[in-house]
Structure formats: C-alpha cells, structure tokens
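# Residue-level structure breakdown
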Amino acid sequence: MKKHEPTPPSRRTPEEPSALVLRQFRLIFNSVRRHFQSIEKQAGVGGAQIWALSLITQNPGLAVTPLSQAMDIHQSTASNLVRALLKSGLIHSEKSAHDKRVVELYPLPAGLKLLKKVQGPYAGVLPQALGELDPDTLQSLGRDLELLIRKLDVDERAAKTPIALM
C-alpha cells in the first residue's frame, strides 16, 4: 500500500480537513489577538502585564517565583513583567519580613484603578476557554496538539512565553 502523501497547500480544497482546521486556528489566533489589542487599548499596557497585575492584586505579597508559576512562564519573563509594573507605578515591592531575600509585590492605587477599567478575562480568552472545557476534552485536545507539534520545528522555550508577548 502506498504511503499517504500530504496534499500541497496550493491544491487543497476549502473543505479539506486540513483547510478546515487551519481556519479554526485562524479563528482562535484572531480572537486571542483582538482580546489583547483591546486590553492594550483600554489600559495602555500589555495583556501579560495586566494578568500579572491582577494576580498580584488577588494575592498581595506575592513573590516573583510564585507569580511565574501562576502564569506558567519563565521566572526571567515574570521578572521583566514585574520590572515594567514597578516602573509604571502600578505596583510596589517590599523585602519580606520573614526572608530578606524574597521581594513581595503589592498593588498601588494606580494599579487597582487600571484593573477596574479593563475588561477581563485578565489571563486572556484562551486560558479562560480552556478552563471551561471538561477534563476528557482537554486530554484529547492535548494529545491531538502534541501530534501536530511533533510535525513542526518548535522552539520549546516558546511554551513559557505568554501569548500576549508573542
């Protein structure tokens, strides 16, 4: 039996499964992009900063490492977000009373005011939608996406970069 050769993109019909799935990815990416553009327009800062600010507001005293874990991003990326929030006057930092090596983060009134004028979800529409899926659907989606990822030349480090920063 002859091995199935993929149809060249120029010869695909609009109703082929690969064309339909590509259209679905476009819808997802455009929805995510529009959401982050809307947040940036409302807030004047990026979506990843808004998400970090919202987590700091929900968890006053949060340190950088737990922030990076909550956002599932690299610690250096979280540090850069925190640096931008500090510079913008949206948060302030204090050394922990228990461990002087740890810096605790707190929202400032300007940060609280900014969050009130931004429509969520703060983490983005994709994490929210994924969180609303049942566990079986998420597992199936994860397996299917893993197959697709294996077909791509991916940079694994990108997995720890917020979509808002891409």
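Check the entry above for the structure.
Numbering of residues begins from 1 in every chain and follows the order in which that chain's sequence is written. Where local features are concerned, this predicted model is filtered to residues with pLDDT of at least 70; where side-chain atom pairs are given and counted, the filter is 80 or more; whole-chain, interface and lining totals use all residues. Side-chain metrics rest on all non-hydrogen atoms present in the structure, leaving aside hydrogens and water.

For helices the rule is a DSSP run of H or I covering at least 4 residues; for strands it is a run of E covering at least 2, with both sets numbered from the N terminus onward. For a helix, the expected span equals 1.5 Å multiplied by the number of residues minus one. Between the first and last C-alpha of helix H4 (residues 75-87) there are 18 Å, a value that for 13 residues agrees with the 18 Å anticipated at 1.5 Å per step. The rule is simple: take the accessible area with a 1.4 Å probe, protein chains only, and divide by the maximum for that residue type; under 20% is buried, over 50% is exposed, in between is partly exposed. When we look at burial in H4, the residues that qualify are Thr77, Ala78, Leu81, Val82 and Leu85. Take H4 and look down its axis: the buried residues cluster within an arc of 140 degrees, on one side only. Facing away from the buried side of H4, by more than 90 degrees, are the exposed residues Arg83 and Lys87. Arc definition: it is the arc formed by the directions from the helix axis to the C-beta atoms.

Moving on, we get to the environment of Arg143. Following the sequence through the fold, Arg143 ends up in helix H7 (residues 135-151). In this structure Arg143 comes out as exposed when scored by relative accessible area, which is 51%. Sequence spacing of Arg143 and Pro66 is 77 residues, and the spatial spacing of their C-alpha atoms is 28 Å.

Further remarks concern the environment of Leu90. Along the chain, Leu90 falls in the loop between H4 and strand S1 (91-95). In the structure, Leu90 is positioned 18 residues away from Leu108 in sequence and 5.3 Å away in space, judged by C-alpha atoms. Here, residues are in contact when the closest pair of their heavy atoms is within 4.5 Å. The contact partners of Leu90, leaving out residues within four places of it in the chain, are Val45, Leu53, Leu85, Pro107, Leu108, Ala110, Gly111 and Leu114.

With 17 residues, H7 should reach 24 Å at 1.5 Å per residue; the first-to-last C-alpha distance of 25 Å fits that figure. Any N or O atom pair separated by 3.5 Å or less is treated as a polar contact, with the protein-specific requirement of one donor-capable and one acceptor-capable atom, and with residues adjacent in sequence counted only for side-chain atom pairs. Structurally, the start of H7 carries an N-cap: the backbone nitrogen of Asp136 is 3.1 Å from a side-chain oxygen of Asp134.

Let us look at a nonpolar patch on the surface. A cluster of nonpolar residues, Leu130, Leu133, Leu138, Leu141, Leu145, Leu148, Ile149, Leu152 and Val154, forms a patch on the protein surface that exposes about 620 Å² of accessible area. A per-element tally of the nonpolar patch places H7 first, with five residues. One can find Leu130 in helix H6 (residues 125-131). The partly exposed category is assigned to Leu130, whose relative accessible area is 31%. Only residues whose relative accessible area exceeds 30% and that form no salt bridge enter a patch; like-charged residues are grouped when within 9 Å of one another, and nonpolar side chains (Val, Leu, Ile, Met, Phe, Trp, Tyr) when within 5 Å. Per-residue and other accessible areas were derived by the Shrake-Rupley procedure at a 1.4 Å probe size, with only the shown protein chains allowed to occlude residues. Salt bridges are defined by distance alone: a side-chain nitrogen of Lys or Arg within 4 Å of a carboxyl oxygen of Asp or Glu.

Next up on the list: the side chain of Ser68. Tracing the chain through its elements places Ser68 in helix H3 (residues 64-71). Looking at Ser68, the relative accessible area reads 5%, which means it is buried. A distance of 2.7 Å separates a polar atom in the side chain of Ser68 from the backbone oxygen of Thr65. Contacts of Ser68, omitting those with residues within four sequence positions, involve Ile73, His74, Gln75 and Ala78.

The peptide bond linking Gly120 to Pro121 adopts the cis configuration, its omega dihedral lying at 5 degrees. Turning to its location among the elements, Pro121 is positioned in the loop between helix H5 (109-117) and H6. A positive phi angle, near 55 degrees, is found at Asp72, a position not held by glycine. Mapped onto the elements of the fold, Asp72 is located in the loop between H3 and H4. Asp72 gets classed as partly exposed once you look at its relative accessible area, which sits at 42%.

Attention now goes to the side chain of His35. Inspection of the secondary structure puts His35 in helix H1 (residues 17-43). Polar contacts involving the side chain of His35 include one to the main-chain carbonyl oxygen of Pro121, which spans 2.9 Å. Filtering out sequence-adjacent residues up to four positions away, His35 remains in contact with Gln119, Gly120, Pro121, Gly124 and Val125.

Fair warning: the whole summary comes from geometry, so function is off the table for now.
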